[in-house]
Amino acid sequence: MAGSTESVLRYLSEVEEMAEEILADRQQIVTLDSKRNKTREAVRAIQKDNSNHKVWLCFGNLFLKMPKPTAKKLLDTDYNELDSQIDKLHKTLKSKVNKLRDMEDKEELKGFNLNPLSKEETRALDTLL
């Protein structure tokens, strides 16, 4: 009897840990997406500004004044890094959700592993239609 109780508690704790990891990843995706949107807004604001003055950028608690091309380049690399982190989290999230569903003896989600069409596939589809 004690062995079955321990196995049930171990099972429940494993399921709970996996669910907490999933929720933490989702929250991190939301946070990174917010940062990515702010970075996109900053790039757009730099592009709209027609003056040749230097711009101020805030990195944490540090404010830096730098030329517009350098600032845009930094923001673009930051945007791409955030985008890759979000994509990586999305991919790991899918496997974690599938693992959790396996732990709960539920079916795998249908349509969860879909990938978007590539540019070539979209062009081919447009030519057909």
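Attention here is on the structure that accompanies the text. (Residues numbered from 1 in each chain as written. Predicted model: local features only at pLDDT ≥ 70, side-chain atom pairs only at ≥ 80, totals over all residues. Heavy atoms only, no water.)

1. Topic: the pattern of salt bridges
Cut-off, in case you're wondering: What counts as a salt bridge is simple: a side-chain nitrogen of Lys or Arg found within 4 Å of a carboxyl oxygen of Asp or Glu. The helix count covers DSSP runs of H or I at least four residues long, the strand count covers runs of E at least two residues long, and both are numbered beginning at the N terminus.
Counted according to the given criterion, the structure contains seven salt bridges. Between D25 and K96 there is a salt bridge, with its nearest N and O atoms 2.8 Å apart. Taken together, the residues D25 in helix α1 (residues 2-48) and K96 in helix α2 (residues 68-103) connect sequence positions 71 residues apart. Bridged by salt links that share partners, the residues E21, D25 and K96 form one connected network.

2. Describing the nonpolar core
The condition that has to hold: Nonpolar cores were defined as sets of buried Ala, Val, Leu, Ile, Met, Phe, Trp, Tyr and Cys residues, with membership established by side-chain atoms within 4.5 Å. Classification of residues uses two cut-offs on accessible area relative to the type maximum, computed with a 1.4 Å probe and protein chains only: under 20% is buried, over 50% is exposed, and between them is partly exposed. Residues are treated as being in contact if the distance between any of their heavy atoms lies within 4.5 Å.
Counting 12 residues, the largest nonpolar core consists of V15, M18, I22, I29, L32, L82, I86, L89, L93, V97, L100 and M103. Where this core is concerned, the elements lending two or more residues are α1 and α2. Among the elements that make up this core, the one with the highest residue count is α2 (seven residues). If we skip the residues at most four places from it in the chain, I29 touches I86, L89, H90 and L93. Grouped together as the second largest cluster of nonpolar side chains are seven residues, V43, I46, V55 and L57 included.

3. Structural notes on the pairing of strand β2 (residues 62-66)
Rules: Pairing between strands requires that DSSP locate at least two bridges from one strand to the other.
Of the pairings in the sheet, the one linking strand β1 (residues 55-59) to β2 comprises five bridges and is antiparallel in character. Opposite W56, over in β2, you have K65 as the bridge partner. Hairpin connection from β1 to β2: two residues lie between these consecutive antiparallel strands, with G60 at a positive phi of about 70°.

4. Regarding a negative patch on the surface
Heads up, the rule is: Only residues whose relative accessible area exceeds 30% and that take part in no salt bridge are eligible for patches, with like-charged residues grouped when within 9 Å of each other and nonpolar side chains (Val, Leu, Ile, Met, Phe, Trp, Tyr) grouped when within 5 Å. Using a 1.4 Å probe, the Shrake-Rupley method yields the accessible areas, and only the shown protein chains count as cover for residues. Positive charge is attributed to Lys and Arg, negative charge to Asp and Glu, and no charge count is given to His or to the chain ends. A charge is said to be at NZ when it belongs to Lys, at CZ for Arg, at CG for Asp and at CD for Glu.
Among the surface-exposed residues, E14, E16, E17 and E20 lie close enough to one another that they form a single negatively charged patch. Residue placement: E20 occurs in helix α1.

5. Comments concerning the side chain of D25
Since its relative accessible area comes to 8%, D25 is described here as buried. Excluding anything up to four places from it in sequence, D25 contacts L89, T92, L93 and K96.

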